[in-house]
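Listed below are the residues making up each chain.
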Amino acid sequence: MADYVLISNGEEDHALIAATPKPPRVASLDVFRGLCVFLMMVVDYGGSIVPAIAHSPWTGLHLADFVMPFFLFIAGVSLALVYKRVSNRVESTWKAVFRAVKLFLLGVLLQGGYFHGVASLTFGVDIERIRWFGILQRIAIGYIVAALCEIWLSRRTSRELGFFRSYYWHWCAIFLLSAIYSGLLYGLYVPDWEFKASTPTYLTPSNDSHVYVVKCSMRGDLGPGCNSAGMIDRYIVGVDHLYSKPVYRNLKDYYLQECNMSTGGRIPESSPSWCHTPFDPEGILSTLTAAVTCIIGLQYGHILAHIQDHKGRLNIWSLFSVSMFVLGSFLAFIGVPVNKSLYTISYLLITSASAGLTFCALYLLIDVYGYRCMTFVLEWMGIHSLSIFIIVTSNLAVIAIQGFYWTHPENNIVHWIMTPFVHK
């Protein structure tokens, strides 16, 4: 990660920039990023043991549903400091694009199906069925959108005019992306559609195929089977390149229907047809509002870069966070569901507000009161967040540990720990 510029001091900084030593890192940024990685590890490995912390099957908020917005938020905060001074916009743009492409391709490698999980030491993926979207891919897209906003849509004004006016085009981008998202989500007509599965999800793997027909013929539906976000992904990316194990298969009592997925991962034939179909929670349409989260984080970074006193920063951050939380809660109250898979506006506002309040608390604890010793582990994880993410996502650590066994491969530490909680 890049080192961060902490505050701006107007023209004096420009005169002293060449002679000033490298500024210190903002510790709360690294701790927040480390907290994101820690939460990801907890929900990934503990979600099967404690379902309450795993992703909500569809509507609602569980602990796991905060991880993605937190990653996007802190990426935006960091961008405001990395691109605080842009001397060459074209060069900076190419660098940002190159970083985003590297991150996107790394995400395809880790979550595209190349690794087969802890139960298999094999690897490799059929290009015709590779998954193109995932966590790092979404962060990469949010990163490049926010970076382009910072590089090209920032107006350098004097301090007397205030820094908020320098970034009003960012707010225009936020409202534009939100409007496009809402228009497509509620306005597109979703016809009936069918999906051909090579192996029916209620049977053991075989060479047979089965066609599932999903009855829709509607617009504005936010259910798992007939939302326009899934339709856009099926048309543009192709159904074979979507996430094949959507979390809504754990859904119960949705419109008096349920998928009833067994512990073996099979769905009864009597379940609704949409239970058998793939759906990508990191799809195209929901990435629009995910990018908005990154731009919101960018505004928190501007406050960090331009407001010099701790109290001023905390006051603006707190006001901003509480306002978003109230607005998001109001939207949820009037019927806009809090849905991570669709990344609805209410979900965007509530999770961004939660990220802002969490960042305020960490900043107060670490950068104001100096309690770094309490969070040094999270700070270390934040500095090495990408490396840890790769190890966790690819399951390399778990595979390596369970590679040491006694007599039989089943006699390993991982198997002993997981057996009491996960039943086949």
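Here the residue numbers are simple positions, counted from 1 along each chain's written sequence. Residues qualify for local features only when their pLDDT is at least 70, as the model is predicted, and side-chain atom pairs are given and counted only at 80 or more; totals for whole chains, interfaces and linings, by contrast, use all residues. Side-chain metrics rest on all non-hydrogen atoms present in the structure, leaving aside hydrogens and water.

## Description of the pattern of salt bridges
Charged atoms that come close allow side chains of opposite charge to pair.
Right, on to step 1. The working definition used for a salt bridge is a side-chain nitrogen of Lys or Arg within 4 Å of a carboxyl oxygen of Asp or Glu. Overall, the coordinates contain seven salt bridges when judged by the stated rule.
Right, on to step 2. Between glutamate 282 and arginine 131 there is a salt bridge whose closest N-O contact spans 2.8 Å. Residue glutamate 282 is located in the loop between α7 (228-236) and α8 (284-306), and its partner arginine 131 is located in the loop between α4 (89-111) and α5 (135-152); the two are separated by 151 residues in the primary sequence. Comparing glutamate 282 with arginine 131, the two get one shared label, buried. Helix and strand definitions here come from DSSP, where helices need a minimum of 4 consecutive H or I residues and strands a minimum of 2 consecutive E residues; each element is numbered from the N-terminal end. Only protein chains enter the calculation, and the probe is 1.4 Å; a residue is then buried if its accessible area is under 20% of its type maximum, exposed if over 50%, and partly exposed in between.

## Description of the packing of helix α3 (residues 67-82) against helix α10 (residues 345-368)
Angle between the axes and distance between the axes: these two values describe a pair of packed helices.
Right, on to step 1. All axes here are fitted lines through C-alpha atoms, helices being fitted over the stretch that makes contact, and every angle between N-to-C directions spans 0 to 180 degrees. The geometry of α3 relative to α10 is characterised by a closest axis approach of 9 Å and an angle of 60° between their N-to-C directions. If you check the angle between α3 and α10, you find them oblique. α10 is crossed by α3, and the crossing has right-handed handedness. Residues Pro69, Phe70, Phe73, Ile74 and Val77 of α3 pack against Tyr347, Thr351, Ser352, Ser354, Ala355, Gly356, Thr358 and Phe359 of α10.
Right, on to step 2. In this classification, Asp, Glu, Lys and Arg are treated as charged, Ala, Val, Leu, Ile, Met, Phe, Trp, Tyr, Cys and Pro as nonpolar, and every other residue, Gly included, as polar. Across the contact of α3 with α10, the residue classes tally to eight nonpolar, five polar and no charged. Angles are sorted into four bins: roughly parallel if under 35 degrees, roughly antiparallel if over 145, roughly perpendicular if 65 to 115, and oblique for all others. Take the far helix as the reference: if the near one is turned anticlockwise from it by less than a right angle, the crossing is left-handed, and if turned clockwise, right-handed. Any pair of residues with heavy atoms lying within 4.5 Å of one another is described as a contacting pair.

## Re the packing of aromatic side chains
Right, on to step 1. Pairing of aromatic side chains requires ring centres within 6.5 Å, counting the rings of Phe and Tyr and the six-membered ring of Trp. Pairs whose planes differ by under 30 degrees are stacked, by over 60 edge-to-face, and all others tilted. Considering all chains together, one arrives at 20 aromatic pairs under this definition.
Right, on to step 2. Both rings, one in phenylalanine 71 and one in phenylalanine 389, keep their centres 6.4 Å apart while their planes meet at 90°; by these two values the pair is edge-to-face. Taken together, the residues span a long stretch of sequence, with phenylalanine 71 in helix α3 and phenylalanine 389 in helix α12 (residues 385-393) at a distance of 318 residues.
Right, on to step 3. Residue class for phenylalanine 71 comes out buried when judged on its relative accessible area of 10%.
Right, on to step 4. Classification of phenylalanine 389 by relative accessible area gives buried; the value is 4%.
Right, on to step 5. Ring pairing ties together the aromatic residues Phe32, Phe66, Phe70, Phe73, Trp171, Tyr300, Trp317, Phe320, Phe359 and Tyr363, which thus form one cluster.
Right, on to step 6. We call a charge positioned above a ring when the Lys NZ or Arg CZ atom is no farther than 6 Å from the ring centre and deviates by at most 35 degrees from the ring normal. The ring of tryptophan 193 has arginine 234 sitting right over it, with the charged end atom 3.5 Å from the ring centre.

## A word on the confidence of the model for the chain
Right, on to step 1. Residue-level confidence of the predictor is summarised by pLDDT, bounded by 0 at the bottom and 100 at the top. When pLDDT is averaged along the chain, the result is 84; 80% of the residues meet or exceed 70.
Right, on to step 2. Mean pLDDT per element in the chain: helix α1 (residues 11-16) is the minimum at 40, and α10 is the maximum at 97.
Right, on to step 3. Counting contacts from residues 1-20, a segment whose pLDDT is below 50, to residues more than four positions away or on other chains yields 45 contacts.

## A look at the nonpolar core
Right, on to step 1. The definition of a nonpolar core used throughout is a set of buried Ala, Val, Leu, Ile, Met, Phe, Trp, Tyr and Cys residues joined through side-chain atoms within 4.5 Å. Within the largest apolar cluster, 102 residues are counted, with the highest numbers of intra-cluster contacts made by Leu29, Phe32, Ile296, Tyr300, Trp317 and Phe359.
Right, on to step 2. Beyond its immediate sequence surroundings of up to four residues, phenylalanine 32 is in contact with Phe70, Phe73, Ile74, Ala355, Thr358, Phe359 and Leu362.

## Let's talk about the state of the cysteines
Right, on to step 1. We call a pair of cysteine sulfur atoms a disulfide whenever their separation is within 2.5 Å. In the structure shown here, the tally under the stated rule is one disulfide.
Right, on to step 2. Put simply, cysteine 216 and cysteine 226 are joined by a disulfide, and their sulfur atoms are 2.1 Å apart. As the torsion about the S-S bond is roughly -85°, the cysteine 216-cysteine 226 disulfide counts as left-handed. With a gap of ten residues between them, cysteine 216 in the loop between β3 (210-214) and β4 (218-219) and cysteine 226 in the loop between β4 and α7 connect regions that are remote in the sequence.

## Describing the packing of helix α2 (residues 27-46) against α3
Right, on to step 1. Remark: α2 packs on α3, axes separated minimally by 10 Å, with the N-to-C direction vectors making an angle of 160°. With respect to α3, the axis of α2 lies roughly antiparallel. Seen from above, α2 lies across α3 with left-handed handedness. Along the contact surface, α2 presents Leu29, Phe32, Arg33, Cys36, Val37, Leu39, Met40 and Val43, while α3 presents Val67, Phe70, Phe71, Phe73, Ile74, Val77, Ser78 and Leu81.
Right, on to step 2. A class-by-class count of the residues in the contact of α2 with α3 yields 14 nonpolar, one polar and one charged.

## Re the side chain of serine 352
Right, on to step 1. For serine 352, the position within the fold is in helix α10.
Right, on to step 2. When neighbours within four sequence positions are excluded, serine 352 is seen to be in contact with Phe73, Thr293, Ile296 and Met324.

## Brief notes about a nonpolar patch on the surface
Right, on to step 1. The patches described consist of residues with a relative accessible area above 30% and no salt bridge, like charges being joined within 9 Å and nonpolar side chains (Val, Leu, Ile, Met, Phe, Trp, Tyr) within 5 Å. The Shrake-Rupley method, run with a 1.4 Å probe, gives the accessible areas here. Residue values count only the displayed protein chains as cover. Residues Val90, Trp94, Leu148 and Trp152 make up a contiguous nonpolar surface patch of about 440 Å² in total accessible area.
Right, on to step 2. Checked against the element boundaries, tryptophan 152 lands in helix α5.
Right, on to step 3. Judged by relative accessible area, which is 41%, tryptophan 152 ranks as partly exposed.

## Some points on α2
Right, on to step 1. What a helix should span is 1.5 Å times the count of its residues minus one. With 20 residues, α2 extends 28 Å between its outermost C-alpha atoms, agreeing within 8% with the 28 Å of an ideal straight helix rising 1.5 Å per residue.
Right, on to step 2. For α2, the tally of buried residues reaches 15 of 20 residues, placing the bulk of the element in the interior.

## Quick notes on unusual backbone geometry
Right, on to step 1. Even without being glycine, serine 217 reaches a positive phi, approximately 50°.
Right, on to step 2. One can find serine 217 in the loop between β3 and β4.
Right, on to step 3. The partly exposed category is assigned to serine 217, whose relative accessible area is 40%.
Right, on to step 4. The backbone phi angle of tyrosine 343 is positive, close to 50°, even though this residue is not glycine.
Right, on to step 5. For tyrosine 343, the location among the structural elements is in the loop between α9 (310-333) and α10.

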